[in-house]
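Residue-level structural notes
Chain by chain, the residues run as shown.
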Amino acid sequence: MSKEKFTTLKSTAVPLPIENIDTDQIIPARFLKATTREGFGENLFRDWRYDGEGKPKDFVMNDKTYSGKILVAGKNFGCGSSREHAAWAIADAGFRVVISSFFADIFKNNALNNALLPVQVSDTFLAKIFDTIKKNASTIITVNLEQQKVVLEDGSSETFDINPYKKTCLINGYDDIDYLLNLRDEIKQFELTH
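So, a few notes on the structure that sits alongside this text. (Residues numbered from 1 in each chain as written. Predicted model: local features only at pLDDT ≥ 70, side-chain atom pairs only at ≥ 80, totals over all residues. Heavy atoms only, no water.)

Some thoughts on the packing of aromatic side chains
Throughout the structure, instances matching the rule amount to 7 aromatic pairs. Look at Phe 103 and Phe 107: their rings are 6.1 Å apart centre to centre, the planes differ by 15°, and that puts the pair in the stacked class. Taking relative accessible area as the criterion, Phe 107 reaches 3% and is therefore assigned buried. Cluster of aromatic residues (ring-pair linked, three or more members): Phe 45, Trp 48 and Phe 59. (Phe/Tyr/Trp six-rings, centres within 6.5 Å; stacked < 30°, edge-to-face > 60°. Buried < 20%, exposed > 50% of the residue type's maximum accessible area, 1.4 Å probe, protein only.)

Next comes the structure, spelled out in structure tokens:
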């Protein structure tokens, strides 16, 4: 199933300056019974967002001051178990990008496989992003995948790394199967010449 193409995203952001957010905090295990990707967003950070009776808590995602398609999180985001549901929940909640200064490898791969872009920046630049959002919740952050760059409204920026294959897939809206199908003519040519 191909995804929406990703080249440049300009959006406000939701700040979550908490370190070591694990996948059970992102999507608690009791919500992992579904087999499709839809519906997980409503339970993203469920135990932080709602009390036992389902009433909203004082949590950033319940604060109408903050919105957008970018989640900015503290260092070591997505640690813990390898559940792909964490990436599903974040994407289903409307986020296209997660910015942090470090991601757990399995979460990073799961995110990329689900058209969710994990952008790793330095601790210093992450602190600047948090400070910028704190001063102005409506600040626009630009994530340019082609240039592999995050740009703030004041012009400050930082580049980020991404696997070239995954970059190609995101820019073209491919999943792994779409990527191979895109190479169909080259594969046929190779078969004919070998």
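Read on for the rest.
Considerations on the sheet that holds strand E4 (residues 97-100)
Read across the sheet, 4 strands follow the order E2-E3-E4-E5 without closing on themselves; strand pairing throughout is parallel. The two strands at the open ends of the sheet, each matched to only one other strand, are strand E2 (13-16) and strand E5 (117-120). In this sheet, neighbouring strand axes are inclined to one another by 20° on average, regardless of whether the strands run parallel or antiparallel. Of the strand pairs in this sheet, E4 and E5 are connected by 4 bridges, and their pairing is parallel. Residue pairing across strands places Val 98 opposite Pro 118, the latter belonging to E5. Of the strands in this sheet, E2, strand E3 (70-73) and E4 touch helix H5 (residues 123-135), which is tilted by about 120° from E3. (Pairing = 2+ DSSP bridges. Helix = DSSP H or I, 4+ residues; strand = E, 2+ residues; numbered from the N terminus. Axes fitted to C-alpha atoms, helices over the stretch in contact; angles between N-to-C directions. Contact = heavy atoms within 4.5 Å.)

Details of the pairing of strand E6 (residues 141-144)
Note on strand geometry: in a regular strand, side chains alternate between the two faces of the sheet. Because side chains alternate across E6, one face comprises the buried residues Ile 141 and Val 143, and the other comprises Thr 142 and Asn 144, equally buried. Of the pairings in the sheet, the one linking strand E1 (residues 8-11) to E6 comprises 4 bridges and is antiparallel in character. Across the sheet, Thr 8 pairs through a bridge with Asn 144, a residue of E6. Summarising the sheet, E6 and strand E7 (residues 149-151) pair through 3 bridges and their orientation is antiparallel. Bridging across to E7, Asn 144 finds its partner in Lys 149. Two successive antiparallel strands, E6 and E7, enclose a turn made up of 4 residues, where Gln 148 displays a positive phi of approximately 55°.

Section: helix H3 (residues 85-92)
Burial analysis of H3 places 6 of its 8 residues in the buried class, the great majority of the element. Where H3 is buried, its residues contact helix H1 (23-26), E4 and helix H4 (105-113). Of the residues flanking the end of H3, it is Gly 94, one or two places downstream, whose phi is positive at about 105°.

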